[in-house]
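Each chain, letter by letter, is given below.
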Amino acid sequence: MTSRTGFFVLSGVLLLVALVCIGEGVQLIATGKPLGIGMGVCAFVIPLIGVWFLRQTVRFGRASERLARELEAEGGLPVDELRRTAGGRIDRASADEVFARRRAEAEESPGDWRVFFRLAVAYADAGDTPRARKTMQHAIRLHSTTGTTGTASTTGTTSTTESARSNA
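This text gives an overview of the structure that appears in the document. (Residues numbered from 1 in each chain as written. Predicted model: local features only at pLDDT ≥ 70, side-chain atom pairs only at ≥ 80, totals over all residues. Heavy atoms only, no water.)

### Describing the packing of helix H2 (residues 34-74) against helix H4 (residues 113-125)
Contact geometry of H2 with H4 gives a least axis separation of 11 Å together with a crossing angle of 110 degrees. One element, H2, and the other, H4, form an angle in the roughly perpendicular class. In this structure, H2 crosses over H4, and the sense of that crossing is left-handed. Listed contacts from H4 to Ser 64, Leu 67, Ala 68, Glu 70, Leu 71 and Glu 74 of H2 are Trp 113, Arg 114, Phe 117 and Arg 118. Counted by class, the contact of H2 with H4 contains five nonpolar, one polar and four charged residues. (Axes fitted to C-alpha atoms, helices over the stretch in contact; angles between N-to-C directions. Helix = DSSP H or I, 4+ residues; strand = E, 2+ residues; numbered from the N terminus. Parallel < 35°, antiparallel > 145°, perpendicular 65-115°, else oblique. Left-handed = near helix turned anticlockwise from the far one by under 90°. Contact = heavy atoms within 4.5 Å. Nonpolar A, V, L, I, M, F, W, Y, C, P; charged D, E, K, R; others polar.)

### A closer look at the packing of aromatic side chains
All chains considered together, the criterion is met by two aromatic pairs. Ring plane angle 70 degrees and centroid distance 5.6 Å describe the contact between Phe 7 and Phe 8, whose orientation is recorded as edge-to-face. On the accessibility criterion, Phe 7 (27% relative accessible area) is partly exposed. Residue classification places Phe 8 among the exposed positions, given a relative accessible area of 54%. With a centroid separation of 4.8 Å and 50 degrees between ring planes, the pair formed by Phe 99 and Tyr 123 is classed as tilted. Here Phe 99, found in helix H3 (residues 92-108), pairs with Tyr 123, found in helix H4; they are 24 residues apart in sequence, far enough to count as distant. Classification of Tyr 123 by relative accessible area gives buried; the value is 3%. The ring centre of Phe 60 lies 4.0 Å from the NZ or CZ of Arg 133, which sits over that ring. (Phe/Tyr/Trp six-rings, centres within 6.5 Å; stacked < 30°, edge-to-face > 60°. Buried < 20%, exposed > 50% of the residue type's maximum accessible area, 1.4 Å probe, protein only. Lys NZ or Arg CZ within 6 Å of the ring centre and 35° of its normal.)

### Comments concerning the pattern of salt bridges
The full count for this structure, using the stated rule, is 11 salt bridges. The partner of Glu 81 in a salt bridge is Arg 101, and the shortest N-O contact between them spans 2.7 Å. Remark: Arg 101 occurs in helix H3 and Glu 81 occurs in the loop between H2 and H3; sequence separation between them is 20 residues. Judged by its relative accessible area of 39%, Glu 81 is partly exposed. The residue Glu 105 makes a salt bridge to Arg 118 at a minimum N-O spacing of 4.0 Å. (Salt bridge = Lys/Arg side-chain N within 4 Å of Asp/Glu carboxyl O.)

### As for H3
Side chains that are three or four residues apart share a direction in an α-helix, a result of its 3.6 residues per turn. The first and last C-alpha atoms of H3 sit 24 Å apart over 17 residues, in line with the 24 Å expected at 1.5 Å per residue. Along H3, the positions that sit buried rather than exposed are Ser 94, Ala 95, Val 98, Phe 99, Arg 102 and Ala 106. The buried residues of H3 occupy one face: seen down the axis, they fall within an arc of 130 degrees. (Expected span 1.5 Å × (residues − 1). Arc of directions from axis to C-beta.)

Here's what the structure looks like:
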């Protein structure tokens, strides 16, 4: 199952569970008892949190795809230069080597969303998904502030790179 298919299946299940929670919440509130009303209100809040999370995930996916399309149009997508094992897995030393280069690029150009996009891909290749996501979010923020016309100013460069690396 591809990740996109899995996402749609899980989204459907989330929406189904949300409908069930709302139905149960209505029944609990209809009891008229304070405990039932409190639990019914909670049954309304839980689906709201789930739908909010789903919305954030969709926004993140669309934004990162938009950046990938733009980077591809510029010819700047990272090339797969990783060595692989006989089973097709990424060689850890190779991933670390590419990651070190990408991190150095990000430190040299802290306001360029393109280098942070490539750094996020390197984090993902190295198996560090939480940092890959944080770094991609940072690239999206940089893109939204700088657009496609270049790089932002280098104010706060140390904290930018450090926060992308340390927020796991």
